[in-house]
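Analysis of the macromolecular model
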Amino acid sequence: MTGDPPQRPGAPGEPRPAEDRRHRIRRRALTLLIIVLLIGVPAGYLVISANQSRASGKDKEAKYSATGLTEGWPSKLQRRIYQVPLPHPAWWVAYYETNNWKTSRLYVEFETTDAGLSAFLTGIGVQESELKRGDLTIGARDRDVTGWTFDGPGTWSGLVHEQEDPAPTHDVVVNHDKPGYPRVYVVSRTVP
């Protein structure tokens with residue numbers, strides 16, 4: 001019973017049988033596939049993620065480097081903070097926001113229907129009858145920021161809706177050039 005255990009084929013110390021060509025090609029292809037999956041997939045994900053992150057930064061940079069009205073609707077958060085309830089329908093909508101340590105302003109311009117104008121004015125807490133004909137309530141400073149000039153054709157009217165801080169104050173000017181489709185200009189100003 002003290003004899004050596006029987007040797008198994010392929011045991012250490014014994015030479016391996018030669019691998020045929022077919023098995024060698026299959027083994028190398030499997031190794032290559034594993035390497036590609038372990039290195040290529042994470043690398044591809046990293047490239048895609050970097051491009052998405054870069055594109056997101058460019059979008060934000062374009063948004064925050066704007067120096068005038070930007071076509072489109074202000075975000076829901078901006079509309080809520082500045083209490084500017086844009087009516088439906090509204091078109092030709094543009095906005096611009098400025099912030100500093102003293103005052104924050106949201107400038108909004110849009111065109112709507114007569115019903116939309118009434119809904120908007122009701123939404124900010126005033127009535128259409130409070131609009132004063134010929135009263136251009138948006139000041140020269142705000143006009144310079146946006147490029148608004150209130151010298152075109154049509155009937156112009158405006159109002160100022162003052163509220164206690166921190167609620168915003170609204171300066172509203174309406175152009176009734178197109179009957180039934182007023183153009184509305186709003187400056188909502190809040191003190192943080």
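For the structure itself, look to the data block above.
In what follows, the accompanying structure is described.

1. Considerations on helix α3 (residues 114–124)
Gly116, Leu117, Phe120, Leu121 and Ile124 are the residues of α3 that are buried. Angularly, the buried residues of α3 cover 130 degrees about the axis, an arc narrow enough to put them on a single face. Elements in contact with the buried residues of α3: β3 (104–112), β5 (156–161), β6 (169–175) and β7 (183–190). One or two residues past the end of α3 sits Gly125, with phi positive at roughly 100 degrees.

2. Structural notes on the environment of Lys76
With respect to the secondary-structure elements, Lys76 resides in helix α2 (residues 76–81). Residue class for Lys76 comes out exposed when judged on its relative accessible area of 68%. Each C-alpha atom, one on Lys76 and one on Leu86, is 9.9 Å from the other, the two residues being 10 residues apart in sequence.

3. Section: the sheet that holds β6
Pairing in this open sheet of seven strands is antiparallel, and the strands run β1-β2-β3-β7-β6-β5-β4 from one edge to the other. Across the chains shown, the open sheet's two edge strands, defined by having one partner strand only, are β1 (70–71) and β4 (132–133). Bridge count for β1 against strand β2 (residues 90–99) is two bridges, and the pairing is antiparallel. Across the sheet, the residue bridging to Thr70 is Tyr95, located in β2. The strands touched by α3 within the sheet are β3, β5, β6 and β7, with β6 carrying the most contacts at an inclination of about 165 degrees.

Basis of the calculations
- Residues numbered from 1 in each chain as written.
- Predicted model: local features only at pLDDT ≥ 70, side-chain atom pairs only at ≥ 80, totals over all residues.
- Heavy atoms only, no water.
- Buried < 20%, exposed > 50% of the residue type's maximum accessible area, 1.4 Å probe, protein only.
- Helix = DSSP H or I, 4+ residues; strand = E, 2+ residues; numbered from the N terminus.
- Arc of directions from axis to C-beta.
- Contact = heavy atoms within 4.5 Å.
- Pairing = 2+ DSSP bridges.
- Axes fitted to C-alpha atoms, helices over the stretch in contact; angles between N-to-C directions.

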